[in-house]
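Now for the letters of each chain:
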Amino acid sequence: MPADLPEFQADPALLERVLVNLMANAVRYSLEAEPVLVTASWHGERVELRVIDRGPGIPTEAHERVFMPFQRLGDRDNHTGVGLGLALSRGLTEAMGGTLLLEDTPGGGLTMTVSLRRAP
């Protein structure tokens, strides 16, 4: 995290829940030899927190579908959750006035970006 990262508007408990879920997913799906990377930066009035993994990624056509409740993209193991994590994470992020987006990580994997407003 940059030392000069500006303050941003977020509910600490909600943000913690979002980041724990995103990091748990990243660790679960990353390749064993590749660490999960968490970064922060700011652009204008937004602060962006990114959770970056080197796992198998998500097909482009499923990028929005993974945010729907009970979506597991063919994963049959119901011992690791019921598919509510990303839907909940997006809802909590939006409740804080932010956005949660995903994109392919260059070279393979997935990047989840939480964008929140800078504090006034």
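Keep in mind it's a predicted model, so treat the numbers as computed, not measured.

What follows concerns the sheet that holds strand β3 (residues 99-104). Within the open sheet, the 4 strands sit side by side as β1-β2-β4-β3. Their pairing is antiparallel. Edge positions in the sheet fall to β1 (37-43) and β3, since each has one partner strand and no second. Strand-to-strand twist in this sheet, taken as the mean axis angle between neighbours without regard to direction, amounts to 20°. Pairing of strand β2 (residues 46-52) with strand β4 (residues 110-117) involves 7 bridges; the strand directions are antiparallel. Looking at β4, one finds that Val-47 is bridged to Leu-116. Against the sheet, helix α2 (residues 85-95) touches β3 and β4, its axis set at about 130° to β3.

With that out of the way, let us pick up the pairing of β3. Sheet analysis places β3 next to β4, joined by 6 bridges and oriented antiparallel. Directly across from Thr-99, in β4, lies its bridge partner Ser-115. In sequence, β3 turns back onto β4 through a hairpin of 5 residues, with Gly-107 there showing a positive phi of about 90°.

A complete count under the given rule lists 1 salt bridge for this structure. A salt bridge links Glu-48 to Arg-50; its shortest N-O distance comes to 2.2 Å.

What follows deals with the confidence of the model for the protein chain. Mean pLDDT over the protein chain works out to 87, with 87% of the residues at or above the 70 mark. Model confidence for the protein chain, summarised as mean pLDDT per element, is weakest for α2 at 92 and strongest for β2 at 98. Contacts of residues 74-82 to residues separated by more than four positions or lying in other chains number 8 contacts, the stretch itself having pLDDT below 50.

The next thing to look at is the nonpolar core. Formed by 23 residues in total, the largest nonpolar core has its most connected members in Leu-15, Leu-22, Leu-49, Phe-67, Leu-102, Met-112 and Val-114. Sorting elements by how many residues they give to this core places helix α1 (residues 12-29) first, with 5 residues. Once residues lying within four places of it in the same chain are set aside, the contact partners of Leu-102 are Ile-58, His-63, Val-66, Phe-67, Leu-110, Thr-111 and Met-112.

We now examine the packing of α1 against α2. At a minimum axis separation of 9 Å, α1 and α2 run at an interaxial angle of 145°. Handedness of the α1/α2 crossing: left-handed. Between α1 and α2, the contacting residues are Leu-14, Arg-17, Val-18, Asn-21, Leu-22 and Asn-25 on the first element and Gly-85, Leu-86, Ser-89, Leu-92 and Thr-93 on the second. Split by residue class, the contact of α1 with α2 holds 5 nonpolar, 5 polar and 1 charged.

Scoring rules and cut-offs
Residues numbered from 1 in each chain as written. Predicted model: local features only at pLDDT ≥ 70, side-chain atom pairs only at ≥ 80, totals over all residues. Heavy atoms only, no water. Pairing = 2+ DSSP bridges. Helix = DSSP H or I, 4+ residues; strand = E, 2+ residues; numbered from the N terminus. Axes fitted to C-alpha atoms, helices over the stretch in contact; angles between N-to-C directions. Contact = heavy atoms within 4.5 Å. Salt bridge = Lys/Arg side-chain N within 4 Å of Asp/Glu carboxyl O. pLDDT = per-residue confidence, 0-100. Core = buried A, V, L, I, M, F, W, Y, C linked by side-chain atoms within 4.5 Å. Buried < 20%, exposed > 50% of the residue type's maximum accessible area, 1.4 Å probe, protein only. Left-handed = near helix turned anticlockwise from the far one by under 90°. Nonpolar A, V, L, I, M, F, W, Y, C, P; charged D, E, K, R; others polar.

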